[in-house]
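Remarks on the overall topology
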Amino acid sequence: MARYVITGGPCTGKTTTLREIMARGYAVVEETARDIISNEREKSEKDKSYSPILPWTNISRFQRLVAEEQMRREEQATAIPVFIDRGLMDNLAYIQVFGGQLDDITASIVSRARYSKIFFLEQVPYVLDAARREDPELGRRIHEAIYEVYSSSKMEVLKVPWMAVQDRANFILCNL
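Note that the coordinates shown come from a computational prediction; the quantities given were computed from them, not determined experimentally. (Residues numbered from 1 in each chain as written. Predicted model: local features only at pLDDT ≥ 70, side-chain atom pairs only at ≥ 80, totals over all residues. Heavy atoms only, no water.)

1. Overview of the nonpolar core
Formally: To qualify as a nonpolar core, a set must consist of buried Ala, Val, Leu, Ile, Met, Phe, Trp, Tyr and Cys residues joined through side-chain atoms within 4.5 Å. Exposure classes here rest on a 1.4 Å probe applied to the protein chains alone. A residue is buried below 20% of its type maximum, exposed above 50%, and partly exposed in between. Comment: elements are numbered from the N terminus, with helices defined as DSSP H or I runs of at least four residues and strands as E runs of at least two. The contact criterion used is simple: two residues touch if any of their non-hydrogen atoms lie within 4.5 Å.
The biggest cluster of nonpolar side chains holds 26 residues, and the ones touching the most others in it are Met89, Tyr115 and Ile146. Taken together, the elements giving at least two residues each to this core come down to helix H3 (59–76), strand E3 (82–85), helix H4 (90–98), helix H5 (104–111), strand E4 (117–121) and helix H6 (136–151). Considering every element that reaches this core, the biggest residue donor is H6, with six residues. Each residue touching Tyr115, except ones within four places of it in the same chain, is listed here: Arg3, Val5, Glu74, Ile84, Gly87, Leu88 and Met155.

2. What about H6?
Selection criterion: A helix is expected to span 1.5 Å for every residue after the first. Polar contacts, as counted here, are pairs of nitrogen or oxygen atoms within 3.5 Å of one another; within protein the pair requires one atom able to donate a hydrogen and one able to accept it, and residues that are adjacent in sequence qualify only if both atoms are side-chain atoms.
With 16 residues, H6 extends 22 Å between its outermost C-alpha atoms, agreeing within 8% with the 22 Å of an ideal straight helix rising 1.5 Å per residue. Buried residues in H6 make contact with strand E1 (3–7), H4, E4 and strand E5 (157–160). Measuring from the backbone nitrogen of Glu137 back to the side-chain oxygen at the start of H6 gives 3.1 Å, which picks out Asp135 as the cap.

3. So, the pairing of E4
Let me state the cut-off plainly: Strands qualify as paired when DSSP identifies two bridges or more between them.
Where burial is concerned, most of E4 is hidden: five out of the five residues are buried. On E4, burial covers both faces: Lys117, Phe119 and Leu121 on one face and Ile118 and Phe120 on the other are all buried. One ladder, built from four bridges, connects E1 with E4; its direction is parallel. Within E4, the position partnered with Ile6 by the bridge is Phe119. When E4 meets E5, the two strands line up parallel, connected through four bridges. Looking at the pairing, Ile118 lines up with Val157 of E5.

4. Observations regarding the packing of aromatic side chains
For any pair of aromatic rings, the description rests on two quantities: the centre-to-centre distance and the angle between the ring planes. To keep things clear, this is the line we draw: Note on ring pairs: Phe, Tyr and Trp rings are taken, using the six-membered ring of Trp, and paired if centres are within 6.5 Å. Classes follow the plane angle, with under 30 degrees stacked, over 60 edge-to-face and the rest tilted. Distance and angle both matter: a charge sits over a ring if NZ of Lys or CZ of Arg is within 6 Å of the ring centre and within 35 degrees of the ring normal.
Taken as a whole and assessed by the stated rule, the structure comprises five aromatic pairs. Judged by centre distance (6.1 Å) and plane angle (45°), the ring pair of Tyr4 and Phe119 falls under tilted. Of this pair, Tyr4 sits in strand E1 while Phe119 sits in strand E4, and the two are 115 residues apart along the sequence. Here Tyr4 and Phe119 have matching classes, each one buried. Ring-pair connections join several aromatic residues into one group, and the members of that group are Tyr4, Tyr26, Phe83 and Phe119. Here the basic side chain of Lys159 rests over the ring of Tyr147, its NZ or CZ set 4.5 Å away from the ring centre.

5. Focus: the side chain of Arg86
Within the secondary structure, Arg86 is located in the loop between E3 and H4. Dropping the residues within four chain positions of it, Arg86 is found in contact with Val5, Ile6, Thr7, Gly8, Gly9, Pro10, Lys14, Glu31, Gln70, Tyr94 and Ile146.

6. Quick word on the pairing of E3
Burial along E3 is two-sided: Val82 and Ile84 facing one way and Phe83 and Asp85 facing the other are all buried. Direction of pairing for E1 relative to E3: parallel, over a ladder of four bridges. Looking at the pairing, Ile6 lines up with Asp85 of E3. Where strand E2 (residues 27–29) lies against E3, three bridges are found, and the strand directions are parallel. When the sheet's bridge partners are listed, Ala27 is paired in E3 with Val82.

7. Thoughts on the packing of H3 against H4
Between two packed helices, both the angle of their axes relative to each other and the distance between the axes serve to describe the pair. Put simply, the rule is: Every axis in this analysis is a line fitted to C-alpha atoms, fitted for helices over the stretch in contact. Angles between the N-to-C directions lie between 0 and 180 degrees. By definition in this entry, angles of less than 35 degrees are roughly parallel, angles greater than 145 are roughly antiparallel, angles of 65 to 115 are roughly perpendicular, and the rest are oblique. Three categories are distinguished: nonpolar for Ala, Val, Leu, Ile, Met, Phe, Trp, Tyr, Cys and Pro, charged for Asp, Glu, Lys and Arg, and polar for the others, with Gly belonging to the last.
H4 packs onto H3 with a crossing angle of 175° between their chain directions and a minimal axis gap of 10 Å. With respect to H4, the element H3 is oriented roughly antiparallel. Contacts from Ile59, Gln63, Val66 and Ala67 of H3 reach H4 at Asn91, Tyr94, Ile95 and Phe98. Residues that form the contact of H3 with H4 fall into these classes: six nonpolar, two polar and no charged.

Next comes the structure, spelled out in structure tokens:
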């Protein structure tokens, strides 16, 4: 199965790089966490009594939602190859950095992660946005934790240096 994860900490250019790869005709599984943050915020705006499940309110429950939706998206992806914006193992790094608890269901989902290769993008200049609330130092810690999680797995991890987006896409596609 040709499944390639594009990952790294916040502000590494994952989504931008994946958009370039998608523009070249490849299938992409888009990032799950941002969609869940958006959906949870939308629910709480519609129902003021709803307590949204967000990374900064309940990291363990949030990562479980992410893992469940991520697995669903990955299972629905039938194209070969497919490029994935963050893999299931990213959940472990976030729980580790934020001090959450890994529940049995999330652990079971993450244990099924099987990827052909992990492309780990080096960080770029840091920019905050509506979904990214981490400061640069926390972003660095997350970045390092993600690398540790994947490099301790049996999957191949290839570091992708900072370069223009077209060059990053070329680098990835030449190293499948």
